[in-house]
Amino acid sequence: MAEEQIHTAETVAGTVADGGHHAEPTLLSVGAEGWVYTGVAIFIVLAVVVFKAPSLIAKALDDRIAGVKKQLDEAAVLRAEAEKLLADAQAAKAAAESEAAAIRARAQTEAADLVKASEAAASDAIARRTAAAASRIAAAERTATAELKAEVAAQVTKAAAAIIAARADKDLQTRLTDEAIAGLDRRLH
């Protein structure tokens, strides 16, 4: 530092000796006037930074916070809508499952009723056919019995007529034949 002062003093003395023109002291090759301008510029920049920067930073942060808040609100709305859609879907699924169960139960009941009705109809049809067959058999038996009785009566009448014809005269034969025929008709019918 002493060397600098000596060097500055020599420079000042040399400048005064040169004709009154003296050299100004410099620091980092910048004179006093340059340092004044630099200081004022730094002061202005610092004043702007100190006074404006916090408000600009705060405004930027507030804007960022508002943007994040808006996104969170939108996300909350979307979540609420999604939860509502999920609840609706679950309710629809539950309704569809209960409806399917009801349809299945109804179908099983109808199937069981159909089976019972079919069994009853089949039993009735079998009973009707059995009764019809029994009725036809009984009618056929009655017809066969009546035909057999008629045939027997006819054979007996022929035999009686033949016996009477061989033993009796013509008038007696006619009278007995008529009486026998009249008696047979009453007995048969």
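In this text, all values refer to a predicted model and were calculated from it rather than measured experimentally.

**Examining the overall build of the chain**
Phase 1 of the analysis: Along the backbone of the chain there are three helices and two strands.
Phase 2 of the analysis: Starting at the N terminus and walking to the C terminus, you meet the elements of the chain as α-β-β-α-α.
Phase 3 of the analysis: Counting over 189 residues, the chain shows a buried share of 3%.
Phase 4 of the analysis: As presented, the chain carries roughly 15,800 Å² of accessible surface, and 65% of it is formed by carbon and sulfur atoms.

**Focus: a nonpolar patch on the surface**
Phase 1 of the analysis: Among the surface-exposed residues, Val36, Val40, Phe43, Ile44 and Val48 lie close enough to one another that they form a single nonpolar patch of about 480 Å² accessible area.
Phase 2 of the analysis: For Phe43, the location among the structural elements is in helix α2 (residues 32-167).

**Observations regarding the pattern of salt bridges**
Phase 1 of the analysis: This structure, assessed with the given rule, holds three salt bridges.
Phase 2 of the analysis: Taking the shortest distance from any N to any O, the salt bridge between Glu83 and Arg79 comes out at 2.9 Å. Highlighted residues: Glu83 and Arg79, both in helix α2, separated by four residues, approximately one helical turn.

**Thoughts on the confidence of the model for the chain**
Phase 1 of the analysis: Summary statistics for the chain give a mean pLDDT of 82 and a share of 84% for residues scoring 70 or more.
Phase 2 of the analysis: For the chain, per-element mean pLDDT is lowest for helix α1 (residues 2-17), which scores 51, and highest for α2, which scores 89.
Phase 3 of the analysis: Of the regions scoring below 50 in pLDDT, residues 12-17 engages in seven contacts with residues more than four places distant in sequence or in other chains.

About the criteria used
- Residues numbered from 1 in each chain as written.
- Predicted model: local features only at pLDDT ≥ 70, side-chain atom pairs only at ≥ 80, totals over all residues.
- Heavy atoms only, no water.
- Helix = DSSP H or I, 4+ residues; strand = E, 2+ residues; numbered from the N terminus.
- Buried < 20%, exposed > 50% of the residue type's maximum accessible area, 1.4 Å probe, protein only.
- Areas by Shrake-Rupley, 256 points an atom, 1.4 Å probe, with all protein chains shown as cover.
- Patch = residues over 30% accessible without salt bridge, like charges linked within 9 Å, V, L, I, M, F, W, Y side chains within 5 Å.
- Salt bridge = Lys/Arg side-chain N within 4 Å of Asp/Glu carboxyl O.
- pLDDT = per-residue confidence, 0-100.
- Contact = heavy atoms within 4.5 Å.

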